[in-house]
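The lines below spell out each chain.
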Amino acid sequence: MKKKVLITGGAGFLGSHLCDRFLAEGYHVVAMDNLITGDLANIEHLLKDKDFEFHHHDVSKFVHVPGELEYILHFASPASPIDYLKMPIQTMKVGSLGTHNCLGLAKAKGARMLIASTSEVYGDPLVHPQKEDYWGNVNPVGPRGVYDEAKRFQEALTMAYHTFHGLETRIVRIFNTFGPRMRLDDGRVLPAFISQALRGEDLTAFGDGTQTRSFTYVDDLVEGIYRLLLSDYTGPVNLGNPEEITINEFGEEILRLTGSKSKIIYQPLPKDDPKQRKPDISLAKEILDWEPKFSRAEGLKPTLEYFTKKVLG
Ligand code: UDP
């Protein structure tokens, strides 16, 4: 009998890559998704695998999985700013009720649970780069509060299950990640810039484009998550590529890589948009012996191929 792993959000961008990895590692994978932002196309190639099951279910409602479970990876959530602005209540519910249901299931099964937290717990950070011991600068009632506070609550609840029930838990704080299977219309800067460049439209930089982000290729992130799950560390761990870039520089890079003649144009900065973001990954290096292997340019190659097929057919 293979060990079974439940991946919530399994039809999403990160969830589907995790399904691939756990199948490759010899697990039986149960992917759960309500498909509000996930897409069956991301897991279509797995549906015939006898070690893969898909459950169409909203994890904010009671979760039932028959038999034994080794691990639960809770990755269900709208995750891009325009998604969680469109679905603020679902975002809060999956981070709170959904996490509670998964923790209850983990407790009942004696499973180890890993939650997908985020660099958004640092809000618009006043400390740079961000280390795990920084408590963050979040506006609870701003537009991003629904995501940021759901994730902060998720971390607190997970730690409570760990300390009160002795549950085996892991917390990963994920920084901006990219790769194939990101949704073209999720509004994030990378799919937006790539699809605009490929369509010959101008690239929409928000604000003056001097804000920074640090982009991680998905394979690096999956490797870090896998190592964290198998480690014995229960505190939150940053995973991200510390190579920081301004949105303007990123736009120029996409124009260069696509050979596009488009320009960068400027649109208003969304409220509470973080001015800077860069992970301090010394903890992940020390306890997981992990650091990113893919440069942004290396990761952008397969990503561009994926988006080119989507945009130009
Ligand atoms: N952004 C932009 N143009 C776009 C989409 C996003 O300039 O079409 C900016 C956004 O304001 C932010 C950065 O790019 O400063 C990253 O945004 P994204 O939505 O990808 O993720 P975030 O890191 O803000 O969650």
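As a reminder, the structure under discussion sits directly above these lines.
Since the model is a prediction, treat every value here as computed from it, not as a measurement.

With that settled, consider the overall build of the protein chain. Of regular secondary structure, the protein chain possesses nine helices and 13 strands. Scaling as 2.2 N^0.38, a compact globule of 313 residues should have a C-alpha radius of gyration of about 20 Å, and the protein chain matches this with 19 Å. Viewed in the frame of its principal axes, the protein chain has a C-alpha envelope of about 55 × 45 × 40 Å. Looking at the protein chain residue by residue over its 313 residues, the buried ones come to 56%.

Between its terminal C-alpha atoms helix H6 (residues 218-230) stretches 19 Å, which fits the 18 Å expected from 13 residues at 1.5 Å a residue. Restricting attention to buried positions, one finds in H6 the residues Val218, Asp220, Leu221, Val222, Gly224, Ile225, Tyr226, Leu228 and Leu229.

Right, let's get into the site of the ligand. Taken together, 18 residues form the shell around the ligand, and within it Thr204, Phe206, Arg213, Asp273 and Arg277 come nearest. Contact between the ligand and asparagine 176: an oxygen atom at 2.9 Å from a side-chain N or O atom of the residue. Between the ligand and glutamine 211 there is a distance of 2.9 Å, counted from an oxygen atom to a side-chain nitrogen or oxygen. Contact with the protein chains covers 95% of the free accessible surface of the ligand, which is 520 Å². When residues of the shell around the ligand are traced back to their parent elements, those giving at least two are helix H5 (189-198) and strand E8 (203-206). Across the shell around the ligand, the residue classes break down as eight nonpolar, four polar and six charged.

So, on to the pairing of strand E11 (residues 236-239). Because side chains alternate across E11, one face comprises the buried residues Pro236 and Asn238, and the other comprises Val237 and Leu239, equally buried. Where strand E6 (residues 169-174) lies against E11, four bridges are found, and the strand directions are parallel. Within E11, the position partnered with isoleucine 171 by the bridge is proline 236.

Turning our attention to the layout of surface pockets. In this structure, the second largest pocket encloses a volume near 180 Å³. The wall of the second largest pocket is formed by Met1, Lys2, Lys3, Lys4, His28, Gly67, Glu68, Leu69 and Glu70. When grouped by side-chain class, the residues that make up the lining of the second largest pocket number two nonpolar, two polar and five charged.

A side chain of one charge can pair with a side chain of the opposite charge when the charged atoms of the two come close. Applying the stated criterion across every chain, the model contains 25 salt bridges. Between arginine 181 and aspartate 20 there is a salt bridge whose closest N-O contact spans 2.8 Å. With a gap of 161 residues between them, arginine 181 in the loop between strand E7 (177-178) and H5 and aspartate 20 in helix H1 (residues 13-24) connect regions that are remote in the sequence. The exposure class assigned to arginine 181 is buried, which follows from its relative accessible area of 16%. The class of aspartate 20 is partly exposed, set by a relative accessible area of 22%. The network of salt bridges with shared partners includes Glu120, Arg144, Arg213, Asp273 and Arg277.

The next subject is the environment of threonine 204. Structurally, the position occupied by threonine 204 is in strand E8. Here threonine 204 falls in the buried class, since its relative accessible area comes to 15%. Remark: the alpha-carbon pair of threonine 204 and asparagine 248, spanning 44 residues in sequence, is separated by 9.9 Å. In this structure threonine 204 touches Phe193, Gln196, Ile265 and Gln267, once residues within four positions along its chain are discounted. Within polar-contact distance, the side chain of threonine 204 engages the side chain of glutamine 196 at 2.9 Å.

Overall, the coordinates contain zero disulfides when judged by the stated rule. Free cysteine: cysteine 19, not disulfide-bonded; nearest cysteine sulfur from cysteine 102 at 14 Å.

On to the packing of H1 against H6. In the contact formed by H1 and H6, the axes pass within 10 Å of each other and the chain directions differ by 65°. Read as a crossing pair, H1 and H6 show a hand that is right-handed. Contact residues: H1 offers Phe13, Leu14, His17, Leu18, Arg21 and Phe22, while H6 offers Val218, Leu221, Val222, Glu223, Ile225, Tyr226 and Leu229. Its residues assigned to classes, the contact of H1 with H6 comprises 10 nonpolar, one polar and two charged.

A full pass over the atoms with the stated rule returns 11 aromatic pairs. Consider the rings of tyrosine 306 and phenylalanine 307, whose centres lie 5.4 Å apart with planes at 80°: the pair is edge-to-face. Among the aromatic side chains, those forming a connected cluster through ring pairs are Phe22, Tyr27, Tyr71 and Tyr226. A cation over a ring is seen here: arginine 21 above tyrosine 226, with NZ or CZ 4.4 Å from the ring centre.

Cut-offs applied
Residue positions are counted from 1 within each chain, in the order its sequence is given. In keeping with the model being predicted, local features are shown solely for residues with a pLDDT of at least 70 and side-chain atom pairs are shown and tallied solely at 80 or more, while totals for entire chains, interfaces and linings include all residues. To obtain the side-chain values, all non-hydrogen atoms of the structure were included, while hydrogens and water were left out. Per the convention used, a helix needs a DSSP run of H or I reaching at least four residues, while a strand needs a run of E reaching at least two, with both numbered from the N terminus. In this setup the radius of gyration rests on C-alpha atoms only. A globule is expected at 2.2 Å times the number of residues raised to 0.38. Here the term buried applies to any residue with accessible area under 20% of the maximum for its type, exposed to any over 50%, and partly exposed to those in between, with areas from a 1.4 Å probe on protein chains only. Given the number of residues in a helix, its expected span is that number minus one, multiplied by 1.5 Å. Only a single heavy atom is needed: when it lies within 4 Å of a molecule or strand, its residue is near that molecule or strand. A 3.5 Å cut-off defines polar contacts: any pair of N or O atoms within that distance qualifies, except that in protein one atom must be a possible hydrogen donor and the other a possible acceptor, and neighbouring residues in sequence count only when both atoms are side-chain atoms. In this description, accessible areas are obtained by the Shrake-Rupley approach with a 1.4 Å probe, and a residue is regarded as covered only by the protein chains that are shown. Classification used: nonpolar for Ala, Val, Leu, Ile, Met, Phe, Trp, Tyr, Cys and Pro, charged for Asp, Glu, Lys and Arg, polar for all others including Gly. For two strands to be treated as a pair, DSSP must find no fewer than two bridges joining them. Note on definitions: the grid is 1 Å and covers protein atoms alone; a cavity is a set of points where a 1.4 Å probe fits but cannot get out; a pocket is an open set with protein on both sides within 12 Å along at least five of seven lines; lining residues have an atom within 4 Å of a point. Grid points are joined across faces, edges and corners, and a volume is the space filled by probe spheres set on the points. Here a salt bridge means any side-chain nitrogen of Lys or Arg lying within 4 Å of a carboxyl oxygen belonging to Asp or Glu. In what follows, residue pairs with any heavy atoms lying within 4.5 Å of each other are defined as contacts. Two cysteine sulfur atoms make up a disulfide if the distance between them is within 2.5 Å. The angle between two axes is taken between their N-to-C directions and runs from 0 to 180 degrees, where each axis is a line fitted to C-alpha atoms and a helix contributes only its stretch in contact. Left-handed is the label given to a crossing in which the near helix is rotated counterclockwise from the far helix by less than a right angle, and right-handed is the label when the rotation is clockwise. Under the pairing criterion, centres of Phe, Tyr and Trp rings, with the six-membered ring standing for Trp, must be within 6.5 Å; the plane angle then separates stacked pairs below 30 degrees from edge-to-face pairs above 60, leaving the rest tilted. Only when the NZ of Lys or the CZ of Arg is both within 6 Å of the ring centre and within 35 degrees of the ring normal is a charge said to sit over the ring.

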